[in-house]
Amino acid sequence: MADRVTVIGWDGSPLTAAARSALGAATLVAGAPHHLALPEVPPTAERVRLGSTALAARRIAAHRGTAVVFADGDPGFFGVVRTLRAPEFGLEVEVVPAVSSVAAAFARAGMPWDDAQVVVAHRRTLRRAVNVCRAHAKVAVLTSPGAGPAELGLLLEGVHRTFVVCEELGTDREQVSVVTSDKAADHIWRDPNVVIVIGGPVTAGDNGDWIAGRDPAAGPRGWTLPADAYGGGLGEGEAELLRAAQLARLGPRTGDLVWDIGCASGAFATEAARAGAAVLAVDRDAEACARTEAAARRHGVQMHVVHGTAPHVLENLPEPDVVRIAGGGAAVVSAVADRRPQCIVTHAMTRDAAELVGRDLSEHGYRVECALIQSVELDTRAWTETERSVAFLLSGVLPDRAP
């Protein structure tokens, strides 16, 4: 095992005295090619090009001597420190930090970033990173080859965003470019790069003065809001208790894409967006689409509203994680199930209709649950009934799709 492992963050600035001291004693140096080309690297040290951090960690663990690992930016922020400290390698590390690439990118853009979401995009997480960009007004994306600005732009089709692309920060080839998301695929971008994704209204209540990222306390308290929060007159299937049960079954969260088919007043779509998920709200009624857009603006959330009739309009939509179906019957349920979201919720007004939907979900491989949901609203001045709602709540969960 290496006698000593020092991780040096590098942001293009001259190396600190601590970094030069560790590097001068190193018998093994791991890093990217531009790190290994630094004149301070001892000519006698073994040089390891850093591709897979896990492979490099195994090599360091087997090395007898003093090792230095270079990383761009702050190595403790989505960096190599986590891998090197994994129990299977048994390495104790000292860290010489630098300005993180996210902080540097926002500095180049002259923007604050305490109100930004920060995500890592690689081939496995690219879709979830895109969903965060759909749902939030300011996102920093740490990219990787094959999951860079071009891929982000392609997957954000139909959603307008501005990209601030910061290439090779801290090097002589550093470049900052501003493009719209629909034009990002027209360029060839150099790695490494950081993309600041900006667009849409600032979330209601965001003041950036006590917590980084989106303020979880923004807006009124509660998973679901009363009818008057949406101007009153909610439609069938939009009762507050039913919406709460649907939200509980779906569990929308940051990184998810939620389809809300038959969005009506936009109540459910707004509440899924308040949970941090990206939302695609669909309705065949143009007035319902307008009400949904107004609800999103009123509550300071972002969503993409699509005017069209399901199931046909669903064909070109990006893949959902969870889906709420408020209308369209068995044909829409079947079309959605063909797309294999992890969870589907819907409701029916009769037992026969519920059985038909349940059989369809079962035939598609979903584990089906059904509950009769009844809510009765009372006027507490006289404790008399003012409104009654009864519906069968159906949910289908796909057992073989990981959350």
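Residues numbered from 1 in each chain as written. Predicted model: local features only at pLDDT ≥ 70, side-chain atom pairs only at ≥ 80, totals over all residues. Heavy atoms only, no water.

> I'd love a proper account of the pairing of strand β1 (residues 4-10), names of residues and values included.
For β1, the buried fraction is high: six of the seven residues fall into the buried class. Two strands pair when backbone bridges link them, and β1 and strand β4 (residues 66-72) are joined in this way by seven bridges, in the parallel orientation. Bridging from a neighbouring strand, Ile-8 pairs with Phe-70 of β4. Across four bridges, the pairing between β1 and strand β5 (residues 93-96) is parallel. The partner of Ile-8 across the bridge, within β5, is Val-96. (Buried < 20%, exposed > 50% of the residue type's maximum accessible area, 1.4 Å probe, protein only. Helix = DSSP H or I, 4+ residues; strand = E, 2+ residues; numbered from the N terminus. Pairing = 2+ DSSP bridges.)

> Any chance you could break down the nonpolar core for me, citing the residues and the numbers?
If you look at the biggest cluster of nonpolar residues, it comprises 27 residues, and the most contacted ones within it are Trp-259, Ile-261, Leu-314, Leu-317, Ile-325, Val-336 and Ile-344. Secondary structure elements with two or more residues in this core: β11 (257-261), β12 (278-283), β14 (322-325), α11 (329-338), β15 (343-348), α12 (351-363) and β17 (384-397). The element best represented in this core is α11, accounting for four residues. Excluding its chain neighbours within four sequence positions, the residues that come into contact with Val-336 are Trp-259, Ile-261, Leu-314, Val-323, Ile-325, Pro-341 and Ile-344. With 21 residues, the next largest nonpolar core counts Val-119, Val-130, Ala-147 and Trp-189 among its residues. (Core = buried A, V, L, I, M, F, W, Y, C linked by side-chain atoms within 4.5 Å. Contact = heavy atoms within 4.5 Å.)

> Account for the pattern of salt bridges, with residues named and values stated.
With the rule as written, the count across this model stands at 18 salt bridges. Here Arg-190 ties to Glu-168 by a salt bridge, and the two come within 2.4 Å at their closest N and O atoms. Separated by 22 residues along the polypeptide, Arg-190 in the loop between β9 (175-180) and β10 (193-198) and Glu-168 in the loop between β8 (162-167) and β9 bring together distant segments of the chain. On the accessibility criterion, Arg-190 (24% relative accessible area) is partly exposed. Judged by its relative accessible area of 13%, Glu-168 is buried. (Salt bridge = Lys/Arg side-chain N within 4 Å of Asp/Glu carboxyl O.)

> Can you tell me about the sheet that holds strand β6 (residues 117-120), naming the residues and giving the values?
Spatial ordering of the open sheet is given by β6-β7-β10-β8-β9, a layout of five strands whose pairing is mixed. Edge positions in the sheet fall to β6 and β9, since each of these pairs with one other strand and no more. Taken over all neighbouring pairs, the strand axes of this sheet differ in orientation by 20° on average, direction set aside. The pairing of β6 with strand β7 (residues 138-142) spans four bridges and is classified as parallel. Its bridge partner lying in β7, Val-120 is registered against Leu-142. Lying on the sheet, helix α6 (residues 126-135) is in contact with β6, β7 and β10; it crosses β6 at an angle near 160°. (Axes fitted to C-alpha atoms, helices over the stretch in contact; angles between N-to-C directions.)

> A description of the sheet that holds strand β3 (residues 46-49) should follow, citing residues and the corresponding values.
Within the open sheet, the five strands sit side by side as β3-β2-β4-β1-β5. Their pairing is parallel. Strands with a single pairing partner mark the edges of an open sheet, and in this sheet they are β3 and β5. Neighbour-to-neighbour, the strand axes of this sheet turn through a mean angle of 20°, independent of strand direction. In terms of strand pairing, strand β2 (residues 28-31) meets β4 through three bridges, oriented parallel.

> Tell me about a nonpolar patch on the surface, residues and numbers included.
On the surface, Val-376, Leu-378 and Trp-383 cluster together into a nonpolar patch covering about 320 Å² of accessible area. Along the chain, the position of Val-376 falls in strand β16 (residues 367-379). With relative accessibility at 36%, the residue Val-376 sits in the partly exposed group. (Patch = residues over 30% accessible without salt bridge, like charges linked within 9 Å, V, L, I, M, F, W, Y side chains within 5 Å. Areas by Shrake-Rupley, 256 points an atom, 1.4 Å probe, with all protein chains shown as cover.)

> Explain the side chain of Gln-117 to me, using residue names and the numbers behind them.
Structurally, Gln-117 is set in strand β6. With sequence-adjacent residues up to four places away left out, Gln-117 is seen in contact with Val-132, His-136, Lys-138, Val-139, Ala-140, Gly-213 and Arg-214.

> Explain the packing of helix α8 (residues 240-250) against helix α9 (residues 267-274) to me, and be specific about the residues and the numbers.
Look at α8 against α9: their axes get within 11 Å of each other, and the N-to-C directions meet at 40°. Our classification of the angle between α8 and α9 gives oblique. Between α8 and α9 the crossing geometry is right-handed. From α8, Arg-243, Gln-246, Leu-247 and Leu-250 reach across to α9, where they touch Ala-267, Phe-268, Glu-271 and Ala-272. (Parallel < 35°, antiparallel > 145°, perpendicular 65-115°, else oblique. Left-handed = near helix turned anticlockwise from the far one by under 90°.)

Function cannot be inferred from these measures alone, as they are strictly geometric.
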